[in-house]
Every structure is written in structure tokens, then in C-alpha cells.
Amino acid sequence: MTQHHRPADEVVQTLGTNPETGLTQAQVEELRAKYGENRLKEKKKKTMLQRFLEQFKDVMILILILAAIISFVVACTGHDPMEFFEPALILLIVVLNAVMGVVQESKAEHALEALQNLSAPHTRVIRNGVEQIIDASELVPGDIIKLEAGDSIPADARLIHSVSLKSEESALTGESVPTEKDSRAVVAEDAPLGDRSTMVFSGCSITYGTAIAVVTATGMDTEMGKIANLLESADESKTPLQEKLAKLGTYLGFVAIAACVVIFVIGLINKIPPLEIFMTAVSLAVSAIPEGLPAIVTIVLSIGVQRMVTKNAIIRRLPAVETLGSASVICSDKTGTLTQNRMTLVRTWCDGQPESDAFDPNGETAEHTKNLLRLSALCCDGSVLIEDGHEQHIGDPTETALVLAAHKIGMPKDLINGESPRVAELPFDSDRKLMSTVNRVNGKLMVITKGAFDMMAERCVSGDLARAKEMTERMSADALRVLAVGYKYIDEIPAELTSEELENGLTFIGLVAMIDPPRPEAKAAVAVCHKAGIKVVMITGDHVVTASAIARELGILREGDLAITGAELDAMNDSELDAKVSQISVYARVSPENKIRIVRAWQRRDQVVSMTGDGVNDAPALKAADIGCAMGITGTDVAKGAADMTLTDDNFATIVDAVREGRGIYANIKKVVGYLLGTNIGEILCVFFAMILWHSSPLLSMQLLWINLVTDSLPAIALGMESVDAGIMEQKPKPKREGLFAHGFGIQIVLQGVMFGALTLIAFWIGTGLPLADLMNGALLLDVNEHALHSGQTMAFIVLAMSQIVQSYNMRTQRSLFRVGPFKNKNLNLAALAAFALTALILFTPARIAFGLELLRPELYLIAVGLFLVPLVVMEFSKAIGLVKHKHH
């Protein structure tokens, strides 16, 4: 039940408490039994075993396990211990792949833990008529709590009494300036969170003033608790790459099963022993599955992650790298993300001057401006500590902006306070919207007053107030926060300090205007996003005028774009929002639920949505988005826990580097997938047609595993380290539904597979040394031709393994290899050398026996070299005549 719009005494009565004495111990125990502890619930974590077992859901992995079981059964029926080598090798690969997956996912969900850590550990409470300090987790609705500047707020509470109260709520609402609170304010029932001035909220803090409040909600019932619920209900969706690889695995599984069925039928018709058919089926299953693909994609992504760390971006989930590369919409929080989250003085206007002046601490500052800033700083409670060049702002950001400005032009606060000491003060309150101090200036008592211009104007007796009003309106229209400053001299300090006594008969001196400025690099980053076809949307808890001005300056709000409020968004249904979402560039005064609606509206348009933010209020949308980016310096632990990526320098421009890196990694993964699948298609066609034509497999399953895991995998990893193409940020984002094999890429892979299959069959035939007619008549089934079979398999193995190494160079680029430099990728050179050396090791040492290989006649090795160089010639010819084209999205 909402309490912000109800009178304080009515809320107190409803909760059955007393503002003077608080709850009794009996009431506390009864309420704790009803509501529980003032804590946030923790989400149940997956066990290590659950995470390990989840790795086996992949279709490719399940088929490999099936192949290992069949191979194991066959080995049990034989008498050669070496037959167990094959199933053991397959299972080892499966287990290693699962372990790698668990390691990558081992970081537990931190979002709810971080929310829990944000709750204040202790609080001052009145119970049984006695003020006491208790653990915040012991609070119950109805407790009377006391708050003062610097306190963390332990639970949601309705103010009973407040004096000049301000609460820092930027983490919850996105407001860059502390919110004024007033126990007597009249608030509408449907007021958004940021306008509920009669309430204070759990997880926020008091920056100014004092208050007594009654707790209205604890634990999961608080506004922060609702966000925790939203986090729990926001499902984590699969990234585009995960979806595509999952589909690919399913298709390959069906291909393998269908091919195995055909082979089994052919084998039975030709009266081949069932065990032998089973072993051939295993070979076929192994050839159909790119065993190294899941692991290689993980490794390529990991390499990308390491690169991104050097560019100030930390990735929490590996597939997020690729998703960011696909991003077509970036929904960004304003405060602390696009802006600096620090109020800064930007303009001043002194009475009698024709125009306002831009404040430049490095330039020449006029005497009248210095005097205005000196008086402004004297009338401030905030302070700025500067140690080793690092600024620490203490107090209200508006005041610290003035203190810092004065400091920068040679008037540190300690110095001016020493010269003109404060002898009395009248604190700010939200009714007067003014603050006054009495300082001894040059031996005289001076009253300095600062505050809202409309309140100041009626108390001034001199100064060009009409011009001042015009300047105030003009600067406010530019989203500047404007304060007026006035002064007067008095003979003595009044016995009773009142507004009527001090804040009347003032001389107007001038205006100071501040803003939470845009980050200098954000404008360029937004421009690059537009060039890259990425829509940037500002989502903030701030006011629409302020948000629009910043968005316009950054290039986010352009001609024809809309800026709307959370209330206007609430008035729209989903279909209305879907119709307008592409036109809306700014959302102001929004709630956490609004943010998720915006993200999902874009997702319904098949867009890949990235959400950046730093506050608690951003966390649910960070999790719901395709990729969430949290700020590392100003970001709350909650935001970091919910995000996929953290920007360690809080720099919006880092996102551009991350998108560029993500696009480059996706392009490299596409090359890797194409390279591996070309090989696997070649293996399937080779084994399949050899069985149909000659009733024998040209490659054993162990030989296929070696090719897939050594001569394929090593170059594939190096291929994934290819440098990012220079013009990649001038391409449009690829559509969300665009397949991995779009733009004729799938056809290219199939044709390359046909080439490998044909070359391997030719090598097998040449290696057997038998006439083609004998092969067609099943001559290899005869025991007398076992030597011919092993010779043919060795020749097929050499040509297929080595042609893969050659093909890895072809896949580097869609342009001619010799035009871009064939050996520029040093990692690929090393990988190719290692794969060549390891393959030579099993060909020319006794290890060849385990793999069913044998030594060949010298002339056969020369023929093999000629055959495995064919892909280089064919691919260069295809590129030259335009069969393989350089594609842009």
C-alpha cells in the first residue's frame, strides 16, 4: 500500500505506532513474525554439478557421447586393448569441453548479493520510548527512525518531521542532484518515485538536514526489494551466437543420424558384418561433428575479452562480446554515463552586465565575477578536498560546484572563510528555497543569501530584476540549474534569526548557473554510433527539459525525434509504444519498469538492445537487455552484478571500442565456423560416398578426430585472432535474424566441402594403388588388400589434414591472400607450423600404429603435396573471378 500521498498522522495511525514512543517489544516481535527480517532474498544458485551437467545439453556433445558408447561396446567385443583408445579419446574431449564451459560460467550471480550489501547495517530507532541503535535487519513496519546527514536509509519510510532534508537518490531514480524532502508536502497518489518528497527510500542516503520517519516497508516490499524481484523475473536470453550454434549443432546431428541410417542399410544389403557397420557409423558421426567448435568459439571469445580489458571493458559473460558487436540500439542512462555525475559551474551573470559570461577557470576572470563567486562560496556548507590532484566533494553537489569554481580562480574555501568568517546562518529549507549566512567582511557584518531567483526577487530592493528574470529563464531553458545571490549589511546580529529579519532588503548581485555536463568524449562516441547504424536512446530519471538539452547537445535528440516522460509512457499500451519507439530518443522521469518496457519494445522489433547504466534503478533493464553495460567507477554493485560488461573508466566512448571489437570477433568466429564446417562437410562426403562406392571408409574415426582437433583446431584458434578490419564501424549492424551463412556464405562452405571430399577420395584411390574397377567391386573387403586399404587411408589422411592447414590461410580474407599479405597473421603461422609438425610426428614415428597409418612410397608423398595445394589455387581463382566476394552488411 502506497503511503506517500497520505498525511503523516494517518500513516502512523494505520501502522499502529506512536511517533513519540515508537513500537513496544511485543509489537516488534509480532510484526517480525508477519514481515520477516529487513533483508533482500537471495536467489538460489546453481551447484557446480548442475552447471557441469548443463554442458551436456548440446546436441553435438550428445552425438559424440553416443559415438563413444558404440565405440566402447565394439571395443568390448574385440581382443585388442588399443580399441579402447578411440572411445577414451572421444570421452576425454567431451569432458574437457564441459570443464571449460563450467570454468567460464563459474562466477555466481552477484546482483542480489550486491543489493543486500547496500542495506544499512545499523540505524537509530525509538522503541518503548527509548532511542537505541539496532541492526537494520531488525526493523519492522511501524518503527520510528531518526535520520541525519550522512545516514544510509535502512528501509522505505514516511517522513513525520523534517528540517531542510535532502536525500541522494541517484542510484534509485537517476536524479543527479539530491532530492528535497518535506514531511508536510502534498503529493499526488500517482506521483513517480522521484517526486515522492514525503518518502525516503531504502538504499539511498541523507545528504542534508534531519528527520524523524515511520518505516512503511522492509525487505522485499521496499522499492529496492521490488527491483530485486524484477531482477529475479528478468529472464536471461540466449545471445544470437548461442542460438545460431545451437541450431547448427541440431542440423549437424540430423545429418549425422540420416547418413548413419543410409550407411547401415547399405552395409546390411552388402552383407558387411554389423560390428564393422557400427564402426563406420561412428566414423561418420565423428566426421559430422566439429568437436573443437564449442571450445574454439570460447577461446576466440576469451582472446577478445583479454583485448577488451586493455580498452577498459571487462566482460562478465563471454558471448556478450559477440552480442555487443550486433548491437543496433544502445539505451543509455544519462547521469554518470553520458554526463559526468558532477554539477559544474558553466555560466555567471552579474547585475549591470549586458550578457552572461561562460565560466573559464583557466582564463581571465573579471573582478565582478570573482566577487559573485566569493560571496556564493561563503554561503555554502559543501566543501571540496583536493589531495594529489584528486577531488573529493562533500555535501550538496550544487554547493560543491560553487566552492570548486571559487577554488579554481584562487579563492579556496579555507582562505575566504578565514578572511570573512561566518558568525551566523539560516539553513536552507524547501519552503523558502533560500539559504543565508552572516559573515564578517572587512570588519562589517554582511548577510549573504542564495537560492531560487523567484524567491530572491521579491526580497531584493535594488538590482535590474527584470533583466535578471530574463537571464534566469534563458539559462533554465538550456537545462542549467540557476541560483540567485544577494547581500546586505547589518549593524548587529538579530537576537532571533528569522527569514523576515535577514532575507529582506537585499541587493541583487548576480546569477550562477550549473549543469551536470556531458562527458567530452560522449558526443564523438554518439556520432560514431550513428555512422555505424546504431540508434542511441537516452533513458533518465531527470526532468525532460534537462534531458532534452543534454541529448540535443550530444546529437542523440535530432530533427524529428521525440522526448517523452515516464507518465506519457505509462499512458501508452505496448502496441502504441511499438509504433512510436523508433522515433523516441529521450525518456525522462522513468521508473525501473519503464526501462524494461523500452528495452522489450525494441526487442520486439528484432533489434539487439544494449543498455548502459550505473544505478540500482538500471539493474533490471541491464539484465533484460541483450547486453548490459555497467559503469565501473560510479556504478553500484547491483548494476555491475546484473550487467554483462563493466566499463572501468565510465567512458561512453569505450562502448564504441567494445562494439568495434565485438564486430571484429563475430567476423572472426564466422571465418572459424566456415573453416571448420568446410572440413566437416568434406569428411562426411568422403566417408559417405566411399561407403556407397567401395563399401569401406577412407578414414578411421581416430584419424578424423586428429584432423578435427589438431590440424583444424590449432589454425582455427589463430584464425580467430585475425586483426579487426579497418572499416568495420562503417557497416550497418547485421539484422538480428540474419543467419550465420547469409550472403552466399553457406553455399561457399558446401562447395569447399565438396572440394575437400573429392580431393580426399582421389588421394584414397591413388594411395590404394588399385585400378578403379577393382575398387568399385569391393576389392578392399578382401584380406589380401589390407595393405592397400591402410595405404589409401594414410594418403587420404595426409591430403585432408594438410589441405586444412592451407585452407586456414584462404579463410583469412575474402580478398586475394597475396594482396593482403599471406603471412601477416603470426599466430596462424605458428599454429600451422605446430599442426604440420604434430601430424608429421604421428606419420613418421611408431605412434602411427595407434592411428592405423603406415609409411608410403616417396612418390605418393609428392602427389599428396600437389593435392593439398589445390585449395589455394581454387580459392584464389574464385576470389579473382568474383565467386567469393567481400561482403558488407
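Because the structure is predicted, anything quoted here is derived from the model rather than measured.

**Q** Just checking my understanding: could you explain the overall build of the protein chain for this structure?
**A** For the protein chain, the helix and strand inventory stands at 36 helices and 25 strands. Residues counted as buried form 56% of the 889 residues belonging to the protein chain. Sequence separation of at least 24 residues holds for 73% of the intrachain contacts in the protein chain that already meet a minimum separation of 6. If you sum the accessible surface of the protein chain, you get close to 36,800 Å²; carbon and sulfur atoms cover 59% of it.

**Q** Would you take a moment to explain a nonpolar patch on the surface for this structure?
**A** There is a patch of nonpolar side chains on the surface, built from Phe254, Ile257, Val261, Val265 and Ile269 and spanning about 510 Å² of accessible area. Here Ile269 is to be found in helix α9 (residues 240–269). Its relative accessible area of 65% is what places Ile269 among the exposed residues.

**Q** I'm lost on the pattern of salt bridges in this one. Help?
**A** For side chains of opposite charge, pairing can occur when their charged atoms come near one another. Per the stated rule, a full pass over the model turns up 32 salt bridges. Between Glu169 and Lys181 there is a salt bridge, with the nearest N and O atoms lying 2.7 Å from each other. Taken as a pair, Glu169 in the loop between β4 (156–168) and α7 (170–173) and Lys181 in strand β5 (residues 179–181) lie far apart in primary sequence, 12 residues in all. Salt bridges here are not isolated pairs; linked through shared partners, they connect Arg124, Glu131, Lys146 and Glu148.

**Q** Teacher, can you tell me more about the sheet that holds strand β25 (residues 645–647) here?
**A** By way of backbone hydrogen bonds, the strands of a sheet pair with one another, either parallel or antiparallel. Across the sheet, which stays open at both edges, the eight strands sit in the order β8-β25-β24-β23-β9-β20-β22-β21 with mixed pairing between neighbours. The sheet is open, and its two borders are formed by β8 (313–315) and β21 (562–565), each paired with just one other strand. With direction set aside, neighbouring strand axes in the sheet form an average angle of 20°. Bridge count between strand β9 (residues 329–333) and strand β23 (residues 609–613): four bridges; the pairing is parallel. By the bridge assignment, Ile330 is partnered in β23 with Ser610. Against the sheet, helix α21 (residues 544–554) engages β20 (535–539), β21 and β22 (584–588), with an angle of about 145° to β22.

**Q** Can you walk me through the side chain of Gln804 in this structure?
**A** Counting through the fold element by element, Gln804 comes out in helix α32 (residues 786–810). Reaching out from Gln804, the side chain makes a polar contact with the side chain of Ser803 at a distance of 3.4 Å.

**Q** Looking at this structure, how should I read the packing of helix α28 (residues 701–711) against helix α34 (residues 826–844)?
**A** Running from N to C, α28 and α34 cross one another at 155°; their axes reach a closest spacing of 10 Å. As judged from the angle between their axes, α28 and α34 are roughly antiparallel. For the element pair α28 and α34, the recorded crossing hand is right-handed. Here α28 contributes Trp706, Val710 and Thr711 to the contact with α34, which in turn contributes Ala835, Leu838, Thr839 and Ile842. For the contact of α28 with α34, the residue count by class is five nonpolar, two polar and no charged.

**Q** Even after reading the chapter, I still don't get the packing of aromatic side chains, so can you show me in this structure?
**A** Two aromatic rings, taken as a pair, are described by how far apart their centres are and by the angle between their planes. What the rule picks out here adds up to eight aromatic pairs. An angle of 40° between the planes, with centres 6.2 Å apart, marks the rings of Trp349 and Phe508 as tilted. Of this pair, Trp349 sits in strand β10 (residues 344–350) while Phe508 is found in strand β19 (residues 506–515), placing the two residues 159 residues apart along the sequence. Here Trp349 and Phe508 have matching classes, each one buried. Measuring from centroid to centroid gives 5.8 Å for Tyr809 and Phe823, while their planes differ by 75°, and the two rings are edge-to-face.

**Q** So what exactly am I meant to see when it comes to the nonpolar core here?
**A** Across soluble globular proteins, you tend to see nonpolar side chains buried next to one another. Grouped together as the largest cluster of nonpolar side chains are 78 residues, with contacts concentrated most on Leu511, Met645 and Phe652. In contact with Phe652, other than residues within four places in its own chain, are Ile330, Ser332, Thr337, Leu338, Arg519, Ala522, Ala525, Val526 and Val536. Within the second largest apolar cluster, 52 residues are counted, among which are Ala281, Ile805, Leu817 and Phe868.

**Q** Help me understand the pairing of strand β18 (residues 481–490) in this model?
**A** Both faces of the sheet carry side chains from a regular strand, because those side chains alternate between them. β18 sits mainly inside the fold: seven of its 10 residues count as buried. Where β18 lies against β19, seven bridges are found, and the strand directions are antiparallel. Bridging from a neighbouring strand, Val482 pairs with Ala513 of β19.

**Q** Before we go on, may I ask you to explain the packing of α32 against helix α35 (residues 858–868) in this structure?
**A** Geometry of a packed helix pair, given as the angle between the helix axes and the separation of the axes. At a closest axis distance of 9 Å, the pairing of α32 and α35 adopts a crossing angle of 35°. As α32 packs across α35, the resulting crossing turns out to be right-handed. On α35, the residues that touch Ser791, Met795, Ile798, Val799, Met802, Ser803 and Val806 of α32 are Leu860, Tyr861, Ile863, Ala864, Leu867 and Phe868. Taken together, the residues of the contact of α32 with α35 sort by class into 11 nonpolar, two polar and no charged.

**Q** Just checking my understanding: could you explain the environment of Val710 for this structure?
**A** Inspection of the secondary structure assignment puts Val710 in helix α28. Distance from Val710 to Leu838, taken between C-alpha atoms, is 7.9 Å for residues 128 residues apart in sequence.

**Q** Looking at this structure, how should I read unusual backbone geometry?
**A** When glycine is set aside, most residues are seen to have a negative phi, and most peptide bonds are trans. For Ser164, which is not glycine, the phi dihedral falls at a positive 45°. Along the chain, the position of Ser164 falls in strand β4. One non-glycine residue, Lys433, adopts positive backbone phi at about 55°. Mapped onto the elements, Lys433 comes out in the loop between β14 (422–429) and β15 (434–441).

**Q** Help me out: how do you make sense of the environment of Pro319 in this one?
**A** Tracing the chain through its elements places Pro319 in the loop between β8 and α12 (320–325). When the C-alpha atoms of Pro319 and Val297 are compared, they prove to be 9.2 Å apart, with 22 residues separating the residues in sequence.

**Q** Whenever I open this one, the environment of Met691 confuses me. Can you help?
**A** Note on placement: Met691 falls in helix α27 (residues 652–694). The spacing of Met691 and Ile263 is 428 residues in sequence and 7.0 Å in space, taken between C-alpha atoms. Apart from residues lying up to four places away in sequence, Met691 is in contact with Ile263, Ile266, Ile272, Thr280, Ser696 and Ser697.

**Q** Quick question: what am I supposed to make of the confidence of the model for the protein chain here?
**A** Residues shown with low pLDDT carry predicted positions that ought not to be read at fine detail. Looking at the protein chain, pLDDT values average 83 and 89% of them are 70 or higher. The model gives residues 107–120 a pLDDT under 50, and that stretch makes 38 contacts with residues more than four places away or in other chains.

**Q** Please explain the side chain of Thr17 as it appears in this structure.
**A** With respect to the helices and strands, the residue Thr17 is situated in the loop between α1 (8–14) and α2 (25–35). Using a relative accessible area of 13% as the deciding quantity, one classes Thr17 as buried. Once you skip the residues sitting within four places of it in the chain, Thr17 turns out to touch Val12, Gly22, Leu23, Gly142, Ile144 and Val214.

**Q** Where do I start with helix α15 (residues 397–408) in this structure?
**A** Each α-helix turn comprises 3.6 residues. Residues three or four places apart therefore point the same way. When the terminal C-alpha atoms of α15 are compared, their 16 Å separation across 12 residues agrees well with the 16 Å that a helix rising 1.5 Å per residue should span. When you tally the buried positions in α15, you get 10 out of 12 residues, the bulk of the element. For α15, the complete set of buried residues consists of Pro397, Thr398, Glu399, Thr400, Ala401, Leu402, Val403, Leu404, Ala405 and Ala406. Trailing α15 by a residue or two, Gly410 shows a phi angle of about 90°, which is positive.

Reading the values: rules and limits
Residues numbered from 1 in each chain as written. Predicted model: local features only at pLDDT ≥ 70, side-chain atom pairs only at ≥ 80, totals over all residues. Heavy atoms only, no water. Helix = DSSP H or I, 4+ residues; strand = E, 2+ residues; numbered from the N terminus. Buried < 20%, exposed > 50% of the residue type's maximum accessible area, 1.4 Å probe, protein only. Contact = heavy atoms within 4.5 Å. Areas by Shrake-Rupley, 256 points an atom, 1.4 Å probe, with all protein chains shown as cover. Patch = residues over 30% accessible without salt bridge, like charges linked within 9 Å, V, L, I, M, F, W, Y side chains within 5 Å. Salt bridge = Lys/Arg side-chain N within 4 Å of Asp/Glu carboxyl O. Pairing = 2+ DSSP bridges. Axes fitted to C-alpha atoms, helices over the stretch in contact; angles between N-to-C directions. Polar contact = N/O pair within 3.5 Å; in protein donor to acceptor, adjacent residues only side chain to side chain. Parallel < 35°, antiparallel > 145°, perpendicular 65-115°, else oblique. Left-handed = near helix turned anticlockwise from the far one by under 90°. Nonpolar A, V, L, I, M, F, W, Y, C, P; charged D, E, K, R; others polar. Phe/Tyr/Trp six-rings, centres within 6.5 Å; stacked < 30°, edge-to-face > 60°. Core = buried A, V, L, I, M, F, W, Y, C linked by side-chain atoms within 4.5 Å. pLDDT = per-residue confidence, 0-100. Expected span 1.5 Å × (residues − 1).

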